[in-house]
Amino acid sequence: MAESVPEVPSGEAARLAGITKHFFGVAANEDVDFDLRWGEIHALLGENGAGKSTLCSVLAGLYHPDSGEIHLDGDRVDLGSPHQALDHGVGMVYQHFRLVDRFTVAENLTLGHPETGFFTSRRSLERQVGELGRRYGLEVSPQAAVWQLSVGEQQRVEILKLLYRGVRILILDEPTAVLTPQESQNLFGTLRALADDGRAIIFVTHKLDEVMAVADRVTVLRDGRKVGAMPTSEADPATLARLMVGRDLSVTERPRTAPGEPVLSIKGVTAEGDRGLEAIRDVEIEVRASQIVGVAGVAGNGQRELAEVVTGLRRPKRGQIIMGGVDITRSTTLERIKLGLGFVPEDRMRTGMAGGLPLAANLALKAYRQPPLSKGPVLSKQAMEDRARTLEKQFDIRGVRGALPTSLLSGGNIQRAILARELSARPRVLVAAAPTRGLDVAAIQAIRQLLIEEADAGTAILMISEDLEEILDLSDEVIVLYEGQVMDRLPRDRADPDLLGMLMAGRGVDAA
Amino acid sequence: MNESVLLLSLASAVVIGTPILLAGLGEMMTEHSGVMNLGIEGMLLGGGVVGFWMSTQQASLPLAMAVGALVGALFALIHAYLAVTLRVNQIVSGLALVVTGTGFASFVGSLNDSSLIYARPVSKFEPVFGEAFRDLPVVGPLVLGHDWVVYMSWVLVAVAAFWLFRTRAGLALRAVGEDPATADTVGIPVGLTRYVYTMIGGAGAGMGGTYLMAGIFSTYQHGISAGLGWIAFALVIFAGWRPWRALVAAYVFGALRNLGFSLQILGVDIPPDVLNVFPFFLTIVALMVISARPAAARRFSAPSALTVPYARESR
Ligand SMILES: Nc1ncnc2c1ncn2[C@@H]1O[C@H](COP(=O)(O)OP(=O)(O)O)[C@@H](O)[C@H]1O
Ligand SMILES: [Mg+2]
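It should be emphasised that the depicted structure is a prediction, and the values quoted were computed from it without experimental measurement.

## Quick look at the coordination of the magnesium ion (ligand 2)
And then number 1: A:Ser53 (OG) and A:Gln95 (OE1) make up the full set of protein donors to the magnesium ion (ligand 2), lying at 2.0 to 2.7 Å. Taken together, the residues span a long stretch of sequence, with A:Ser53 in helix 1 (residues 52-59) and A:Gln95 in the loop between strand 6 (90-93) and helix 3 (105-110) at a distance of 42 residues.

## Examining the confidence of the model for chain B
And then number 1: The predicted model of chain B averages 90 in pLDDT, with 98% of residues at 70 or higher.
And then number 2: We note a pTM of 0.78 for the whole complex and an ipTM of 0.81 for its interfaces.

## A short note on the sheet that holds strand 1 (residues 12-23) of chain A
Residue and element names in this part refer to chain A.
And then number 1: Pairing within the open sheet is antiparallel, and its 4 strands lie in the order 2-1-4-5. Pairing within the sheet leaves two strands with one partner each, and these edge strands are strand 2 (26-37) and strand 5 (75-77). With direction set aside, neighbouring strand axes in the sheet form an average angle of 25°.
And then number 2: The pairing of strand 4 (residues 67-72) with strand 5 spans 3 bridges and is classified as antiparallel. Bridging across to strand 5, Leu-72 finds its partner in Asp-75.

## Considerations on the site of ligand 1
And then number 1: Surrounding ligand 1, one finds 14 residues, the nearest of these being A:Gly49, A:Lys52, A:Ser53, A:Thr54 and B:Glu313.
And then number 2: Around ligand 1, the nearby residues trace back to chains A and B.
And then number 3: For ligand 1, an oxygen atom lies 2.5 Å from a polar atom in the side chain of A:Thr54.
And then number 4: Contact with the protein chains covers 80% of the free accessible surface of ligand 1, which is 560 Å².
And then number 5: The element best represented in the shell around ligand 1 is helix 1 of chain A, accounting for 3 residues.
And then number 6: Taken together, the residues that form the shell around ligand 1 break down as 5 nonpolar, 5 polar and 4 charged.

## Considering a nonpolar patch on the surface
And then number 1: Among the surface-exposed residues, B:Val274, B:Val277, B:Phe278, B:Phe281, B:Ile284, B:Val285, B:Met288 and B:Val289 lie close enough to one another that they form a single nonpolar patch of about 700 Å² accessible area.
And then number 2: Turning to its location among the elements, B:Val277 is positioned in helix 13 (residues 272-291).

## As for the pairing of strand 8 (residues 200-205) of chain A
Here is the key point about a regular strand: its side chains alternate between the two faces of the sheet.
All names here are of chain A.
And then number 1: For strand 8, the buried fraction is high: 6 of the 6 residues fall into the buried class.
And then number 2: Of the two faces of strand 8, the one carrying Ala-200, Ile-202 and Val-204 and the one carrying Ile-201, Phe-203 and Thr-205 are both buried.
And then number 3: Of the strand pairs in this sheet, strand 3 (residues 41-45) and strand 8 are connected by 5 bridges, and their pairing is parallel. The residue bridging Ala-43 from the neighbouring strand is Phe-203, located in strand 8.
And then number 4: The pairing of strand 7 (residues 169-172) with strand 8 spans 4 bridges and is parallel. Paired with Leu-170 across the strands is Ile-201, a residue of strand 8.
And then number 5: Taking the sense of rotation as the criterion, the β-α-β connection linking strand 7, helix 6 (residues 181-196) and strand 8 turns out right-handed.

Conventions we followed
Residues numbered from 1 in each chain as written. Chains lettered and ligands numbered in written order. Predicted model: local features only at pLDDT ≥ 70, side-chain atom pairs only at ≥ 80, totals over all residues. Heavy atoms only, no water. Donors = N, O, S within 2.8 Å, 3.2 Å for Na, K, Ca; no water. Helix = DSSP H or I, 4+ residues; strand = E, 2+ residues; numbered from the N terminus. pLDDT = per-residue confidence, 0-100. Pairing = 2+ DSSP bridges. Axes fitted to C-alpha atoms, helices over the stretch in contact; angles between N-to-C directions. Near = heavy atom within 4 Å. Polar contact = N/O pair within 3.5 Å; in protein donor to acceptor, adjacent residues only side chain to side chain. Areas by Shrake-Rupley, 256 points an atom, 1.4 Å probe, with all protein chains shown as cover. Nonpolar A, V, L, I, M, F, W, Y, C, P; charged D, E, K, R; others polar. Patch = residues over 30% accessible without salt bridge, like charges linked within 9 Å, V, L, I, M, F, W, Y side chains within 5 Å. Salt bridge = Lys/Arg side-chain N within 4 Å of Asp/Glu carboxyl O. Buried < 20%, exposed > 50% of the residue type's maximum accessible area, 1.4 Å probe, protein only. Right-handed = clockwise from strand over helix to strand, strands pointing away.

Following this line, the structure appears as structure tokens:
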């Protein structure tokens, strides 16, 4: 889409013109124009994979565009590194925070700061951080180590780090993805205060409500291209949704298959997290055949530990897990798999696939123990490859190149491959953690369709997701986890986003 | 055990511990930048053999040490290029360096009908303090009886500790080793930092090797290092990546190397190979003790990005 370069408005803070950036032949940004004014909060809206992070990273000096121009304060600049961007007053809070976990807040702030002397001095830093913190609602203790802070606090440190460096153009990449609704509200307050002081803010999100709530203007990206830009006052959610997705959003009401017998029962399970504290406490969940139970919650409220306890990767301290009438509390992972447990892990590259192995081997990782894939100790390469070819076709896995490593596939195809491996084992129970996180729209729909078909075929599915839309689309019943405890358990027709948001923030509601 | 035997073996533990300390301290700096260099043994032999050759040609031992350090650093440069620029697996590249350095030392040692093997240093490492000091009870032999390399190693320990934990440069270095992506976004040159500290590591190993050959043994033999480089590698882990702890640990390891001689004097016969295993055994015990306590594990564990290559646009 050829957008004409917008007129230079008064008070232009930054302008990107014709930015194109390809990764291995995939266009992450294609001829994107973007302009930013002083004193505004400018939302950058788009689905996962639309190219938002790429565009921001170009402005922040992290990525070098294949072509296109960057103008700051009216001057054309060439940003060779994030450091140079900082020197121009442009800084970014990345989706994955860039803080050294083992350092204190003060050390993180000092790092790379040009004005502190050779020796690390403490007092003036603490004073400045205190002032900035009070002014913008960003209070944190300078002496705390970053790993001890909550995600929300870490985000405050990230923003402080930029302010301390004197940054005047702040880019925040999906800052609310990890926050509770309440924390998001606080962040919006901070952003507004920063904009009122004349700074320019780019706020990346894929949530329409947030755009309407906080932004002055919005630019929409789709498939790497800019598809629209307007003041928020002239925008409405339906228009933005259509721009973002490229078609009307329809909520798929799936016809209910009546749930059958309980297949998976989690009874009063308590387990410790990696730091030795109780990560889940007295969790009660029951999943029936043909039922999808969605577990909602902000990341880090025990979801990972819950999945690990069910799949046998973590031992519970108390409680019982029953699958198909068998007590599997103490069973090994292999025993659970044999009883019919499938698992789609949250971190698909680290625990879902052996990235260095070819796809055929990854697809065989569960079935290799039986014929036809192996006879005794010997693997049949031919059978593995035949099976891989069948599954590729059945699950529409694309981009496979023979024996090349699986990690070269795109996220959506890797996820299809994991589902292919798990579903081809005909599980009775499937635990799916963040099944569509980070995928593009088409892949998300395909994966969700697979899950629905699987449930209709009789599988009991425990789906853990931070994506409320996904929870509401797929679940027959919704469970909200907060600080490791089940806050509430709602049938689909009683769950709505507002109620779930309250519960996810730890606020119980007496009357729904 | 007779008191003077104990004192003497402690004093020589300090001497034997010194090349371990020099090489280990260097490796520690390298690892704080996120680069693991398994090639210490190779750099120690390669740098050491050239340093030793220098010491047989002219009288200046500081010059010989400097040349040994330089050659060690050049060997490390190979590792830096492979591991940082080409992002080759650091274990593979480090092991390749062991083979390269060892082979290089054998080659140099065999030149001219192995004349290097019969050569001796022109001058010796003399004690720094006069006899009056050295004859003082206990502190004489233990503290005041050494040559300048031992005192230099103490200064280096202090400098390293100060540098790492009290200066901005040290903070930047540790940031590169903990989280290179973060370091990059705040303007710390990740690649350059890794190159520099990898070469500093090589310099430490080269000095250690030179001191071993020109100082402790006053001779070169094939395989003279006998796994000292690997002990230096274990030292870094045993010391929890802290310089002052490395000082103590180096002398513990040195004492273990000595124990064989002492025990033989006392008539106990333990094969030296068994004693050589002890540093590694101790390191494993230390790891077990540390990992049992989460707070300690967090403080004394490896830099988070150790062996992880960094490229800005990859993810
Ligand atoms: N460093 C990278 N290496 C390879 N591909 C990338 C990289 N960064 C982004 N991409 C690809 O570019 C596209 C846009 O990604 P991104 O900018 O992260 O989107 P968004 O932030 O809107 O979700 C995706 O297809 C993604 O896979
Ligand atoms: Mg993104």
